[in-house]
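Commentary on secondary and tertiary structure
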Protein chains: 2
Amino acid sequence: MVKKARVKALVLDKLNNAPVVLLEIDGTKKILPIWIGACEASVIAMILEENEFERPLTHDLMLNVIEGLEAKINNVIINKIENNTFYAKVILKDLTVPPDEEEQYIEFDARPSDCIILALKTNSPIYVSNEIVDSHTIEFEGENFESEDDEFKKFVENLDINEFRKRLKKGKESDDEPEN
Amino acid sequence: MVKKARVKALVLDKLNNAPVVLLEIDGTKKILPIWIGACEASVIAMILEENEFERPLTHDLMLNVIEGLEAKINNVIINKIENNTFYAKVILKDLTVPPDEEEQYIEFDARPSDCIILALKTNSPIYVSNEIVDSHTIEFEGENFESEDDEFKKFVENLDINEFRKRLKKGKESDDEPEN
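Everything in this summary refers to the structure shown in the same document. Model, not experiment: these values are computed from the prediction. Within each chain, residues carry numbers counting from 1 in the order of the written sequence. Lettering for chains starts from A, numbering for ligands starts from 1, and both go in the order in which the items are written. It should be noted that, the model being predicted, local features are given only for residues of pLDDT at least 70 and side-chain atom pairs only at 80 or more, the latter also being counted only at that level, while totals for whole chains, interfaces and linings use all residues. The side-chain values count all of the structure's non-hydrogen atoms but skip hydrogen atoms and water molecules.

1. Looking at the overall build of chain A
Threshold: Helix and strand definitions follow DSSP, with helices as H or I runs of at least four residues and strands as E runs of at least two, each counted in order from the N terminus. Working definition: with a 1.4 Å probe on protein chains only, accessible area under 20% of the residue-type maximum means buried, over 50% means exposed, and in between means partly exposed. Contacts are residue-level and defined by heavy atoms, with any inter-residue pair within 4.5 Å sufficient.
Looking only at helices and strands, chain A features six helices and eight strands. Going from N to C terminus, chain A has its helices and strands arranged as β-β-β-α-α-β-β-β-α-β-α-β-α-α. Scored against the burial criterion, the 180 residues of chain A give a buried share of 48%. For chain A, contacts bridging at least 24 residues in sequence account for 54% of all contacts bridging at least 6.

2. Points about the state of the cysteines
Here is the rule we go by: Criterion for a disulfide: a pair of cysteine sulfur atoms at a distance within 2.5 Å.
Counted according to the given criterion, the structure contains one disulfide over all chains. Residue Cys 39 of chain A pairs covalently with Cys 39 of chain B via a disulfide, S to S 2.1 Å. Negative torsions about the S-S bond denote left-handed disulfides, and the value of about -100° found for Cys 39 of chain A with Cys 39 of chain B makes this one left-handed. Taken together, the residues Cys 39 of chain A in helix H1 (residues 38–48) and Cys 39 of chain B in helix H1 (residues 38–48) connect one chain to another. Left unpaired, Cys 115 of chain A is separated from the closest cysteine sulfur, that of Cys 39 of chain A, by 17 Å.

3. Details of the sheet that holds strand S7 (residues 126–129) of chain B
Keep this limit in mind: At least two DSSP bridges between two strands are needed for those strands to be called paired.
Across the sheet, which stays open at both edges, the eight strands sit in the order S6-S5-S4-S7-S1-S2-S3-S8 (chain B) with mixed pairing between neighbours. Looking at the sheet topology across the chains shown, the edges are occupied by strand S6 (105–110) and strand S8 (138–139) of chain B.

4. Comments concerning the environment of Asn 79 of chain B
All names here are of chain B. Structurally, Asn 79 can be placed in strand S4 (residues 71–82). We classify Asn 79 as partly exposed; its relative accessible area is 22%. Separated by 51 residues in the primary sequence, Asn 79 and Asn 130 place their C-alpha atoms 8.6 Å from one another. Leave out the neighbours within four places in its chain, and Asn 79 touches Tyr 87, Ala 88, Lys 89, Ser 129 and Ile 132.

5. Focus on the packing of H1 of chain A against helix H3 (residues 112–122) of chain A
Packed helices, taken two at a time, are described by the angle between their axes plus the distance between the axes. Residue and element names in this part refer to chain A. Spelled out, the test is: Axis lines are fitted to C-alpha atoms, over the contacting stretch for helices. Their N-to-C directions set the angle, which ranges from 0 to 180 degrees. Working rule for angles: under 35 degrees goes down as roughly parallel, over 145 as roughly antiparallel, 65 to 115 as roughly perpendicular, anything else as oblique. In this scheme the crossing of two helices becomes right-handed for a clockwise turn of the near helix relative to the far one and left-handed for an anticlockwise turn of less than a right angle. Under the convention adopted here, Pro, Cys and the residues Ala, Val, Leu, Ile, Met, Phe, Trp and Tyr are nonpolar, Asp, Glu, Lys and Arg are charged, and Gly plus all remaining residues are polar.
Where H1 meets H3, the closest approach of the two axes is 10 Å, and the angle between their N-to-C directions is 20°. Considering the angle they form, H1 stands roughly parallel to H3. Of the two elements, H1 crosses H3, and the hand of that crossing is left-handed. On the side of H1, the interface is formed by Glu 40, Val 43, Ile 44, Ile 47 and Leu 48, while H3 contributes Ser 113, Ile 116, Ile 117, Leu 120 and Lys 121. Its residues assigned to classes, the contact of H1 with H3 comprises seven nonpolar, one polar and two charged.

6. Side note on the pattern of salt bridges
All names here are of chain B. Convention followed: Basic side-chain nitrogens of Lys or Arg form a salt bridge, by our definition, when they fall within 4 Å of a carboxyl oxygen of Asp or Glu.
If you walk through the whole model with that rule in mind, you get 16 salt bridges over all chains. When the shortest N-O distance is used, the salt bridge between Asp 26 and Arg 6 registers 3.0 Å. One end of the pair, Asp 26, is in the loop between strand S2 (18–25) and strand S3 (30–35); the other, Arg 6, is in strand S1 (residues 2–13), and 20 residues separate them in sequence. The residue Lys 8 makes a salt bridge to Glu 24 at a minimum N-O spacing of 3.1 Å.

7. Observations regarding the sheet that holds strand S6 (residues 105–110) of chain A
Strand pairing in a sheet takes place through backbone hydrogen bonds and is either antiparallel or parallel in direction. Spatially, eight strands are ordered S6-S5-S4-S7-S1-S2-S3-S8 (chain A) in an open sheet, and the strand pairing comes out mixed. Edge positions in the open sheet fall to S6 and strand S8 (138–139) of chain A, since each of these has one partner strand only. Sheet analysis places strand S2 (residues 18–25) of chain A next to strand S3 (residues 30–35) of chain A, joined by five bridges and oriented antiparallel. Within the sheet, the bridge partner assigned to Glu 24 of chain A lies in S3 of chain A and is Ile 31 of chain A. Against the sheet, H1 of chain A makes contact with strand S1 (2–13) and S2 of chain A, and its axis sits at roughly 105° relative to S1 of chain A, the strand it touches most. Relative to S6 of chain A, helix H2 (residues 58–68) of chain B is tilted by about 160°, and along the sheet it contacts strand S5 (85–94) and S6 of chain A.

8. Some points on helix H2 (residues 58–68) of chain A
Working note: α-helix, 3.6 residues per turn, so residues spaced by three or four point in the same direction. Residue and element names in this part refer to chain A. Taking burial as the measure, the 11 residues of H2 include eight buried ones, the bulk of the element. Turning to H2, its buried residues number three or more, namely Thr 58, His 59, Asp 60, Leu 61, Met 62, Leu 63, Val 65 and Ile 66. Positioned one or two residues after H2, Glu 70 has a phi angle of 60°, which is positive.

9. Overview of the relation of the copies chain A and chain B
A rotation about some axis, followed by a shift along it, carries one copy of the chain onto the other. Using the following cut-off: Each copy is superposed on the other by least squares, with the fit set by C-alpha atoms of residues at a pLDDT of at least 70 in both.
Taken as rigid bodies, chain A and chain B are interconverted by a rotation of 180° and an axial shift of 0.0 Å, the fit giving an RMSD of 0.0 Å. Interpreted geometrically, this transformation is the action of a two-fold axis. When you check the interface residues of chain A against chain B, 94% turn up at the interface there too, and the contact is symmetric in its surfaces.

10. With respect to the nonpolar core
Condition: To form a nonpolar core, buried Ala, Val, Leu, Ile, Met, Phe, Trp, Tyr and Cys residues must be joined to one another through side-chain atoms within 4.5 Å.
Ranked by internal contacts, the top residues of the largest apolar core, which has 77 residues, are Leu 23 and Ile 78 of chain A together with Leu 23 and Ile 78 of chain B. For Leu 23 of chain A, the contacting residues outside a window of four places in its chain are Ala 5, Arg 6, Val 7, Lys 8, Lys 30, Ile 31, Leu 32, Ile 34, Ile 78, Ile 116, Ile 126 and Val 128 of chain A.

11. Here we look at the interface of chain A and chain B
Going by this rule: The term buried area denotes the loss of accessible surface (1.4 Å probe radius) that occurs when two parts are joined, taken as the sum for both partners. Any pair of N or O atoms that falls within 3.5 Å is considered a polar contact. Within protein, one atom must be able to donate a hydrogen and the other to accept it, and sequence-neighbouring residues count only if both atoms are side-chain atoms.
With 31 residues of chain A at the contact, the number on the chain B side is 29 residues. Between chain A and chain B the total buried area reaches about 2500 Å² when both faces are included, carbon and sulfur atoms providing 70% of it. It is Arg 55, Leu 61 and Leu 69 of chain A in chain A that bury the most area against chain B; as a group they hold 28% of the surface buried on that side. Run the count over chain A and chain B and you get two salt bridges. The salt bridge involving Arg 55 of chain B is made with Asp 109 of chain A; its shortest N-O contact spans 2.8 Å. In this structure, the connection of chain A to chain B is made through 10 residue pairs in polar contact (both at pLDDT 80 or more). For the side of chain A that touches chain B, the secondary-structure elements that each account for two or more residues are H1, H2, S5, S6 and H3 of chain A. Take the side of chain A that touches chain B: its biggest share by element is eight residues, from H2 of chain A. Among the residues forming the side of chain A that touches chain B, the class breakdown is 19 nonpolar, five polar and seven charged.

In structure tokens form, the structure reads like this:
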């Protein structure tokens, strides 16, 4: 089972100088942080700031290729975590296959950052597995959970992403215990 | 008409702190420098250094998608320059179309850096239009034009890429004159 999510903000983990995407889990006040690379972060920042680049960037080329081969992005899913690494999938719909046939959907192993970029560029849904929602999100405890709202902005500004990381790691370690 | 090319080296334009790919034009001692972005340069460096990354990088995902949609990279071509920007194309072969039909080949507008990365990763040919070879290459004047050779290494080290840029720009300006 999965939950729908959307990009809430792009912040910086100052201690590690690493960008972090915050996903909001729909219908909740839960936030899933995903550490990503600087190059992927700059692409996400361009999309969020609605900055257009004159020439096709890598993901634009990928989307043009997908369209040219008669397919489209159906959705993306962040589906598991292993060794502190998030795994994700891009699900394509092959438009040359008749609808309702199972082969219409093709899945590709991918990093969450590529998935989020492709979803943002095509306005496709982002899903997160329930397991990850349960074990790796942090609850926003304020009233006004709007990106533009001062209370949320303050929450993001004050978010001690390293403290958060520690808590998650701790969480993960105890999650792992039953398996050991 | 086009010439075949290969990646000769990745160097740094120190004044602008910008990476430059040097393409060697096959059967000549001509070098075509292309200024690229830092993110694309780091991908090219990983390929040249045979560094494998555990998770699929963006171009790996693109190649997996192309394969999943039953196509492959046929070749790439750096085909024109406009306003000091190189334009390129990725040519895919659609494997679902019977051979020898023209529709088997699909072209996509792309940046040279993406084209070079896709070509390196699939061992596909890189072409450069004769027009660009004639107007935008520099001649290596030494004897031993091998990447591993000391003489070439020295040439690359001593390559004043800014002087080179100025020469090219000058060249370009006079090329433009007949049009004015």
